[in-house]
Amino acid sequence: FVFTQCQAIHARSLLPCQDSPGIKFTYRATLIVPAELTALMGAIPVGDIKEGRLTGESIGVGNKVSYSFEQPTPIPSYLIGLAIGDIHCREIGARSRVWSEPELLDACAYEFSEIEEFIKCGESIAGPYIWGSCDLLVLPPSYPYGGMEHPCLIFVTPTLLAGDRSLAAVLIHEISHSWTGNLVTCATWDHFWLNEGFTVFLERKIISRLNSEKLRHMEFLNGYDSLLNSVKRFGSDHEFTKLVPTVRDTDPDDAFSSVPYEKGSCFLFHLESLVGGPDNFDPFIKAYIDKFKGDGLITTDLFKKFFLEFFSEEVGTGCFSSLDWDNWFYSPGMPAPSIIPSCFDSSLQQPCIELSNRWINISADELATLDSSFELYSSLSPLQKRDLLSLLLRADIPLPITHLIKMKTLYNMEDSKNAEIKFKWLSLCLRSNWEEMYVQVASFLTEVGRMKFVRPLYRNLYKAENGRDIALKLFKQHKHIYHNICATMVAKDLEI
Ligand SMILES: CC/C=C\C/C=C\C[C@@H](O)/C=C/C=C/C=C\[C@@H](O)CCCC(=O)O
Ligand SMILES: [Zn+2]
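None of these values were measured; they are calculated from a predicted model.

## Let's talk about the coordination of the zinc ion (ligand 2)
Reasoning step 1: Those donors, H173 (NE2), H177 (NE2), E196 (OE) and E196 (OE), are the protein atoms that reach the zinc ion (ligand 2), and they lie 1.9 to 2.7 Å from it.
Reasoning step 2: Given 4 donor atoms and angles of 52 to 152 degrees at the metal, the environment of the zinc ion (ligand 2) is assigned as irregular.

The structure is reproduced here in structure tokens:
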């Protein structure tokens, strides 16, 4: 199975190109591959689909076929994407197919069957979907990211296959890039937040409309937790914790974190609150996409200028007099004090907060009293279970191993198919130096290659009591299974 990951600056390793987000071009491509394999690109395929397979053309030489593609809408180089493998497809929506290796196709078709609803909702907020098709390719477990927004063919990790559609936010995120990022694109990587922060904001708008505003707020609170972790990892005065960092002469992979996603979406949430809420802010989103979709390039200054033009009346009434733009854009660390967790409605997190406090405050000899919490835990949604574990991870002191042993059996933690819950649970065990669980950490690390999970688990195993040598030996044995970006980043994390 061959797949590419060009974002941010890897397209240049694939083909000669102006490998910068500020340069856009259309393309046609032809891939010649062994006849038993299928080739796909983030573009419109020329061939037909017969019995779940793209038809290639025999080239008459050797047992090979050619597949041709066309991307008629100008895109930046980082959105070039291709994959080649034993890939089959199934229709899952009016303009969407899901592609995967045949063994996964049933599970993928079920997990992602809401895709047309997501696209339609995105259109109602941001304007027409102009890319034609919106297919989905589920990659092998080594895929280093949750998803990648190649136009016409979104790539996603198989760790989204929770079996209950509970991890759909990543798909909604990648679909949202059809407007923010793919149509209106950051002119340089310094302005990456306009790709990612705006896409997270749009993703959560869709979640609000399709589920509830309370869930949008819960996702903001979860994102705030990720932002805290990123700022803590870099240090609160680090360049990469700025919303608009200077990343010239820097490998963008080194600068990558939750900061542009979560600080950026918090900034837009703050702007939304200043103009009086979603009803007043939402028309700006469509106007913004419409305004910049032409040459499709955006910078922070252009965004600010258009925002103030659009809300010129509010400027006149002093709506933004308290807004310190430069502090938001150029100060390192956590967002300006105008955004703190209490800005968000935490009602969906309340049961998680209460349950986490019970686990944090109970003594080892009272653990039996928690048996009654099984019903409450079972009633939590997968995202609430995720947030329960996040709250426990944020506790001042690590949970005692006695408590983790109890939680493991009481809540059947090992049975969860939800990768986010599994990741948080293993992180909780590492934080408490529960050495019996290191083997489960190692097994998870040899099953997935998504950096969102792999990097923190290797770092925390490396820091855990008697974990350092296990981490180094495990990585040395298995680094070949990871994508090169992942292997490179973990090697840096482990100071190799
Ligand atoms: C301030 C940072 C400047 C530039 C960074 C640009 C790209 C970083 C490069 O590492 C590529 C990132 C690709 C990300 C793809 C998908 C993400 O949206 C999801 C990542 C988290 C996850 O696994 O869910
Ligand atoms: Zn994104």
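## Section: helix α17 (residues 438–445)
Reasoning step 1: Every buried residue of α17 is listed here: Y438, V441, A442, F444 and L445. The arc that holds the buried residues of α17, viewed along the axis, is 160 degrees, so those residues lie on one side.
Reasoning step 2: Of the surrounding elements, those touching the buried residues of α17 are α16 (419–431), α18 (451–463) and α19 (468–478).

## Side note on the side chain of D493
Reasoning step 1: Considering the arrangement of structural elements, one finds D493 in helix α20 (residues 484–493).
Reasoning step 2: Of the polar contacts made by the side chain of D493, one reaches the side chain of R459; its length is 3.4 Å.
Reasoning step 3: With residues near it in sequence (within four places) discarded, D493 still touches R455 and R459.

## A word on the UniProt feature "binding site: Zn(2+)" (unreviewed entry) in the protein chain
Reasoning step 1: Mapped onto this numbering, the UniProt entry annotates "binding site: Zn(2+)" (unreviewed entry) at H173, H177 and E196. The largest pairwise C-alpha distance within this set of annotated residues, which runs over 24 residues, is 9.0 Å, so the set is compact in three dimensions.
Reasoning step 2: As for its placement among the helices and strands, H173 is situated in helix α3 (residues 169–176).
Reasoning step 3: Of the residues examined, H173 reaches a relative accessible area of 8% and is grouped as buried.
Reasoning step 4: Those residues in contact with H173 that sit more than four places away from it in its chain are E196, T199, V200, E203 and Y261.
Reasoning step 5: You can see E196 is positioned in helix α4 (residues 192–210).
Reasoning step 6: Apart from the residues within four sequence positions on either side, E196 is in contact with Q7, E149, H173, H177, P260 and Y261.
Reasoning step 7: At a separation of 3.0 Å, a polar atom in the side chain of E196 contacts the side chain of H177.

## A short note on the pairing of strand β3 (residues 38–41)
Reasoning step 1: Going residue by residue along β3, you find T38 and L40 tucked away on one face and A39 and M41 tucked away on the opposite face as well.
Reasoning step 2: As paired elements, β3 and strand β9 (residues 82–85) share 4 bridges and run antiparallel to each other. Residue pairing for β9: L40 is matched across the bridge by A83.

## Side note on the sheet that holds strand β11 (residues 96–100)
Reasoning step 1: The strand order β10-β11-β12-β14-β13 describes an open sheet built from 5 strands, whose pairing is mixed. If you trace the sheet from one side to the other, it starts and ends with β10 (88–93) and β13 (147–148), each paired once.
Reasoning step 2: Relative to strand β12 (residues 135–138), β11 runs parallel, the two being bridged by 2 bridges. Residue W99 lies in a different strand from β12, and its bridge partner there is L137.

## Re the packing of aromatic side chains
Reasoning step 1: Counted according to the given criterion, the structure contains 52 aromatic pairs.
Reasoning step 2: Taking 4.9 Å as the distance between ring centres and 75 degrees as the angle between the ring planes, the aromatic pair formed by F310 and F311 counts as edge-to-face.
Reasoning step 3: Owing to a relative accessible area of 33%, F310 belongs among the partly exposed residues under this scheme.
Reasoning step 4: Here R165 stacks its cationic end above the ring of Y110, 3.9 Å away from the centre of that ring.
Reasoning step 5: We note R204 situated over the ring of F220; from NZ or CZ to the ring centre the distance is 4.9 Å.

## Quick look at the pattern of salt bridges
Reasoning step 1: Counted under the stated rule, the structure contains 27 salt bridges.
Reasoning step 2: The partner of D106 in a salt bridge is R90, and the shortest N-O contact between them spans 2.8 Å. Here the residue D106 occupies a position in helix α1 (residues 105–111), and R90 occupies one in strand β10, the gap between them amounting to 16 residues.
Reasoning step 3: Put simply, D282 and K205 hold a salt bridge, and the shortest N to O gap is 2.8 Å. Residue D282 is located in helix α8 (residues 278–292), and its partner K205 is located in helix α4; the two are separated by 77 residues in the primary sequence.
Reasoning step 4: Judged by relative accessible area, K205 falls into the buried class, the value being 3%.
Reasoning step 5: When salt bridges that share partners are traced, they join K205, R209, E213, R216, E272 and D282 into one network.

## Quick notes on the site of ligand 1
Reasoning step 1: Ligand 1 sits among 17 residues. The nearest are G146, G147, D253, Y261 and R450.
Reasoning step 2: Protein contacts shield 93% of the accessible area of ligand 1, which totals 640 Å² for the unbound molecule.
Reasoning step 3: Top element by residues in the shell around ligand 1 is helix α6 (residues 252–255). It accounts for 3 residues.
Reasoning step 4: Across the shell around ligand 1, the residue classes break down as 10 nonpolar, 4 polar and 3 charged.

## Examining the nonpolar core
Proteins that are soluble and globular tend to have nonpolar side chains buried together.
Reasoning step 1: Counting residues in hydrophobic clusters, the biggest one holds 168 residues, and the most contacted among them are F112, Y288, F303 and W425.
Reasoning step 2: The leading source of residues in this core is α4, at 9 residues.
Reasoning step 3: Setting aside residues up to four positions removed in sequence, F303 forms contacts with W193, L194, F198, F267, L268, L271, F284, Y288, I298 and W325.

## Section: the sheet that holds β3
Reasoning step 1: Sheet architecture is open: 3 strands sit in the order β1-β9-β3, paired in antiparallel fashion. Each edge of the open sheet carries a strand with a single partner, namely β1 (2–3) and β3.
Reasoning step 2: When β1 meets β9, the two strands line up antiparallel, connected through 2 bridges. Along β9, the bridge assignment pairs V2 with I84.

## Some thoughts on the packing of α18 against α20
What describes two packed helices is the angle between their axes and the distance between those same axes.
Reasoning step 1: α20 packs onto α18 with a crossing angle of 25 degrees between their chain directions and a minimal axis gap of 9 Å. The angle between α18 and α20 falls in the class roughly parallel. Judged by the twist between their axes, the crossing of α18 over α20 is right-handed. Here M451, V454, R455, Y458 and R459 of α18 come into contact with α20, specifically with I485, C486, M489, V490 and D493.
Reasoning step 2: Along the lines of polarity and charge, the residues of the contact of α18 with α20 split into 7 nonpolar, no polar and 3 charged.

What counts as what
- Residues numbered from 1 in each chain as written.
- Chains lettered and ligands numbered in written order.
- Predicted model: local features only at pLDDT ≥ 70, side-chain atom pairs only at ≥ 80, totals over all residues.
- Heavy atoms only, no water.
- Donors = N, O, S within 2.8 Å, 3.2 Å for Na, K, Ca; no water.
- Tetrahedral: all angles 85-135°; square planar, octahedral: opposite > 155°, others 65-115°.
- Buried < 20%, exposed > 50% of the residue type's maximum accessible area, 1.4 Å probe, protein only.
- Helix = DSSP H or I, 4+ residues; strand = E, 2+ residues; numbered from the N terminus.
- Arc of directions from axis to C-beta.
- Contact = heavy atoms within 4.5 Å.
- Polar contact = N/O pair within 3.5 Å; in protein donor to acceptor, adjacent residues only side chain to side chain.
- UniProt positions renumbered as here; feature names shortened; annotations may be inferred.
- Pairing = 2+ DSSP bridges.
- Phe/Tyr/Trp six-rings, centres within 6.5 Å; stacked < 30°, edge-to-face > 60°.
- Lys NZ or Arg CZ within 6 Å of the ring centre and 35° of its normal.
- Salt bridge = Lys/Arg side-chain N within 4 Å of Asp/Glu carboxyl O.
- Near = heavy atom within 4 Å.
- Areas by Shrake-Rupley, 256 points an atom, 1.4 Å probe, with all protein chains shown as cover.
- Nonpolar A, V, L, I, M, F, W, Y, C, P; charged D, E, K, R; others polar.
- Core = buried A, V, L, I, M, F, W, Y, C linked by side-chain atoms within 4.5 Å.
- Axes fitted to C-alpha atoms, helices over the stretch in contact; angles between N-to-C directions.
- Parallel < 35°, antiparallel > 145°, perpendicular 65-115°, else oblique.
- Left-handed = near helix turned anticlockwise from the far one by under 90°.

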